[in-house]
Amino acid sequence: MRKLVKALLFFFVRKIFREEVNEVAVIYATLIVKGKKTFDQVPERIQAQVKEILSDLDVPELAE
């Protein structure tokens, strides 16, 4: 199930926004959406990408 969610989210972000996205950022965004992680747990070096992904998914409040 996790692989499916990750794959779908990664596909969505790449196809719609046509940007290179760090796979780890997609994984963290998926975990945040599922409630398994919080934005505070995201490593600083990818926080900007995760925040952008969450914003693109219309859940920017999860990056606060």
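This one's a predicted model, so the numbers in the text were calculated from it and none came from an experiment.

The rules behind these values
Residues numbered from 1 in each chain as written. Predicted model: local features only at pLDDT ≥ 70, side-chain atom pairs only at ≥ 80, totals over all residues. Heavy atoms only, no water. Helix = DSSP H or I, 4+ residues; strand = E, 2+ residues; numbered from the N terminus. Buried < 20%, exposed > 50% of the residue type's maximum accessible area, 1.4 Å probe, protein only. Areas by Shrake-Rupley, 256 points an atom, 1.4 Å probe, with all protein chains shown as cover. Contact = heavy atoms within 4.5 Å. Core = buried A, V, L, I, M, F, W, Y, C linked by side-chain atoms within 4.5 Å. Arc of directions from axis to C-beta. pLDDT = per-residue confidence, 0-100.

**Re the overall build of the chain**
Right, on to step 1. A count of helical and extended segments in the chain gives 3 helices and 0 strands.
Right, on to step 2. The burial tally for the chain puts 27% of its 64 residues in the buried class.
Right, on to step 3. Working note: accessible area of the chain is about 4700 Å², and carbon and sulfur atoms make up 53% of it.

**Some words on the environment of Lys51**
Right, on to step 1. Topologically, Lys51 is positioned in helix H3 (residues 47-56).
Right, on to step 2. On the basis of relative accessibility, which here comes to 47%, the residue Lys51 falls in the partly exposed class.
Right, on to step 3. For the pair Lys51 and Leu62, spaced 11 residues apart in sequence, the C-alpha to C-alpha distance is 8.3 Å.
Right, on to step 4. In contact with Lys51, not counting residues within four places along its chain, are Phe39 and Ala63.

**Here we look at the environment of Val59**
Right, on to step 1. Take Val59: it is sitting in the segment after H3.
Right, on to step 2. Excluding anything up to four places from it in sequence, Val59 contacts Val33 and Leu54.

**Remarks on the nonpolar core**
Right, on to step 1. If you look at the biggest cluster of nonpolar residues, it comprises 15 residues, and the most contacted ones within it are Ala29, Ile32, Phe39, Val42, Val50, Ile53 and Leu54.
Right, on to step 2. For this core, the elements supplying multiple residues, two or more each, are helix H1 (2-17), helix H2 (23-33) and H3.
Right, on to step 3. Discounting chain neighbours no more than four positions away, the residues touching Leu54 are Ala29, Ile32, Val33, Phe39, Val59, Pro60, Leu62 and Ala63.

**Structural notes on H3**
What sets the pattern is the α-helix's 3.6 residues per turn: residues three or four places apart point alike.
Right, on to step 1. Taken together, the buried positions of H3 are occupied by Val50, Ile53 and Leu54. The arc enclosing the buried residues of H3, seen along the axis, measures out at 95°, which places them on a common side.
Right, on to step 2. Directly beyond the C-terminal end of H3, a positive phi value near 65° is found at Asp58.

**Remarks on the confidence of the model for the chain**
Right, on to step 1. On average, the chain scores 84 in pLDDT, and the residues at 70 or more come to 84%.
Right, on to step 2. Confidence scores differ between elements of the chain, with H1 showing the lowest mean pLDDT of 71 and H3 the highest of 92.

**A look at H2**
Right, on to step 1. Of all the residues in H2, the buried ones are Ala25, Val26, Tyr28, Ala29, Thr30 and Ile32.
Right, on to step 2. With its phi angle positive at about 85°, Gly35 sits one or two positions after the end of H2.

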